[in-house]
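Here is how the chains run, residue by residue.
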Amino acid sequence: MKPRCIPLALFLLTPSLVAQEDGATRRLTEQARHFEERVVHVTDNVFTAVGFSVSNVSMIVGEDGVVIIDTGMSLDDAQRIAAEFRKHSDKPVKAIVFTHSHGDHTGGTAAFLGDGRPEIWAHANFGSEARPLVEGGVTFQRVRGARQAGFRLPPEERINNGIAPVRYPKRGAAAFASDEETKPTHFLEGERQAIEVAGIELELVSSPGETNDQLFVWYPAGRVLFAGDNFYRSFPNLYAIRGTPSRSVRLWADSLGKLAEHGADALVGGHTDPVLGASEVAQVLGDYRDAVRFVHDKTVEGMNKGLTPDELVEYVQLPERLAGKDYLQPFYGHPEWGVRSVFNGYLGWFDGNPTNLFRLSPKSEAERVVKLAGGTAALLESARAALATQDNQWAAQLADYLLAIDKDDSDAKRIKADALTGLARNMVNATARNYCLTVARELREGTDPNGPPE
Ligand SMILES: [Zn+2]
């Protein structure tokens, strides 16, 4: 396309593209209705604080004490929740149950300790996701995690986190419950374990999925399930783009099957508002399990035909009856990442195509592509033209060739930043959106991604 044609193309394309962009932003903004700050009275003696923190915090009131399930991300959040809960019961906390070890579910524990030391229950694998990274000396996950969460974005660019409201962590906050006071004291060792605290009978059930240290809590007297992060109102994060060890998608589907077996009247997920009513719970859990199982089974079917991950993301498309459900929209996780993760979990990084066993380095590939394009100026012009027609993915890929040759190429940096911004504005997926917008800022400002948060 000749440069002088661009303004015309832009003029013709802009209205629909703006509508599309507004559509994604509007949908993500509207998703926040599922984590507006409120205490949900789930059933007789069960209360769930939604939206006070990044994750849900629940309280079950017993005879002479209460049980707390998950504790939120920060002490400040948890103290506000504890104050809300005291309006419903001032009985002491007799036990805390962690559904898993992620910091957004365990960071507020100190707010619930009180005078007497409660039992703190967790899966025997507690902390197993983070431990290999710590032991292996891997620190860059923190940078990617901050990009995914949008910690370096100003509030006006950070709509929400798809399943959680915007929060900025305090510097130096503990990653997860690891202090002497707040770490688990009791562990679920086997498949299931019945416990009784303050006259409350609970069943803890091992449920590997989002993490290998995930458990769910079944409260039979109230017919309530506390699912942890194996359920929230979004397509599940079968792979987190901050970088996580492989999550077993097959076991996640099995765990959802185990949840569905209980015939619960209420389902409290790790994030977003609880699902209330037996038929609604059955429908949601059945669909959720089917969606996760479909991604697993269809990916394996394609793998067995020799398809590569790049081909599989086209091959595996959720059936319409699942893709249309509002609790399976990709606000947090994305089916494509699940597909790649299933492949990677079984077969590792090699896609099976021998061309990719010893690829050209990014720089040597870029030098050849530039030559093919007729030189750096021509490639730059193509990247600009792609950007002008909002072919943003291609614009970013072309900019990457230029940056592979010269990482300080200011034209290429600007094009890539604009392309990522354009992509982000059309995304309903909060983690991808935050990640793209953060890297766009890094490119524009020349900030060091390893530097301290602003
Ligand atoms: Zn969570």
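As the structure is a computational prediction, the values presented were derived from the model and not from experiment.

So what exactly am I meant to see when it comes to the domain arrangement of the protein here?
Accessible area lost on assembly of the parts is the figure often given for the size of an interface. Here the protein is described as being made up of domain 1 (3-26 + 360-445) and domain 2 (36-130 + 175-347). Between the C-alpha centres of domain 1 and domain 2 the distance comes to 37 Å. At the junction of the two partners, domain 1 supplies six residues and domain 2 supplies six residues.

What should I look at first to understand the pairing of strand β6 (residues 119-123) in this one?
Each regular strand shows side chains that alternate between the opposite faces of the sheet. In terms of burial, β6 is largely enclosed, as four of its five residues are buried. Pairing between β6 and strand β7 (residues 186-188): three bridges, direction parallel. The residue of β7 that forms the bridge with A122 is F187.

Would you explain the sheet that holds strand β12 (residues 266-269) in this entry?
The strands that make up a sheet pair up through hydrogen bonds in the backbone, lying either parallel or antiparallel. The strand order β8-β9-β10-β11-β12-β13 describes an open sheet built from six strands, whose pairing is mixed. Looking at strand neighbours, the two that pair on one side only are β8 (192-197) and β13 (275-276), the edges of this open sheet. Taken together, the two bridges between β12 and β13 define a ladder with antiparallel strand orientation. In the strand pairing of β13, A266 is matched with L276.

How should I be thinking about the sheet that holds strand β2 (residues 46-50) in this particular structure?
Taken together, seven strands build an open sheet; the order of strands is β1-β2-β3-β4-β5-β6-β7 and the sheet is mixed. Of all strands in the sheet, those bounded by a partner on one side alone are β1 (38-43) and β7. Recorded for the sheet is a direction-independent mean angle of 20° between the axes of neighbouring strands.

Got a minute to help me understand unusual backbone geometry in this structure?
Negative phi values dominate among residues other than glycine, just as trans dominates among peptide bonds. Non-glycine residue D70 carries a positive phi angle of around 65°. Note on placement: D70 falls in the loop between β4 (66-69) and α2 (75-86). What makes D70 buried here is the crowd of 31 C-beta atoms within 10 Å. Phi at T272 takes a positive value of approximately 70°, unusual for a residue other than glycine. With respect to the element layout, T272 can be found in the loop between β12 and β13. Of the residues examined, T272 has 25 C-beta atoms within 10 Å and is grouped as buried.

Even after reading the chapter, I still don't get the nonpolar core, so can you show me in this structure?
In a soluble, globular protein the nonpolar side chains are often hidden away together inside. With 115 residues, the main nonpolar core has V67, L225, L267 and A399 as its most contacted residues. The dominant element in this core, judged by the number of residues it contributes, is helix α7 (residues 278-303), at eight residues. Looking at which domains feed residues into this core, each of domain 1 (3-26 + 360-445) and domain 2 (36-130 + 175-347) gives three or more. Residue contacts for V67: discarding those within four places in its chain leaves I60, G62, K94, A95, V97, V197, A198, I200 and L202.

Hey, could you run me through the pairing of β12 in this one?
Neither face of β12 is exposed, since A266 and V268 on one face and L267 and G269 on the opposite face are all buried. Viewed along the sheet, the connection from strand β11 (residues 224-228) through helix α6 (residues 249-260) into β12 turns out right-handed. With antiparallel pairing between neighbouring strands as the criterion, β12 and β13 make up a hairpin whose turn holds five residues, including T272 at a positive phi of roughly 70°.

Cut-off values and rules
- Residues numbered from 1 in each chain as written.
- Predicted model: local features only at pLDDT ≥ 70, side-chain atom pairs only at ≥ 80, totals over all residues.
- Domains from an automatic or database assignment.
- Contact = placed C-beta atoms within 7 Å.
- Buried ≥ 20, exposed ≤ 12 C-beta atoms within 10 Å, placed from the backbone.
- Helix = DSSP H or I, 4+ residues; strand = E, 2+ residues; numbered from the N terminus.
- Pairing = 2+ DSSP bridges.
- Axes fitted to C-alpha atoms, helices over the stretch in contact; angles between N-to-C directions.
- Core = buried A, V, L, I, M, F, W, Y, C linked by C-beta atoms within 7 Å.
- Right-handed = clockwise from strand over helix to strand, strands pointing away.

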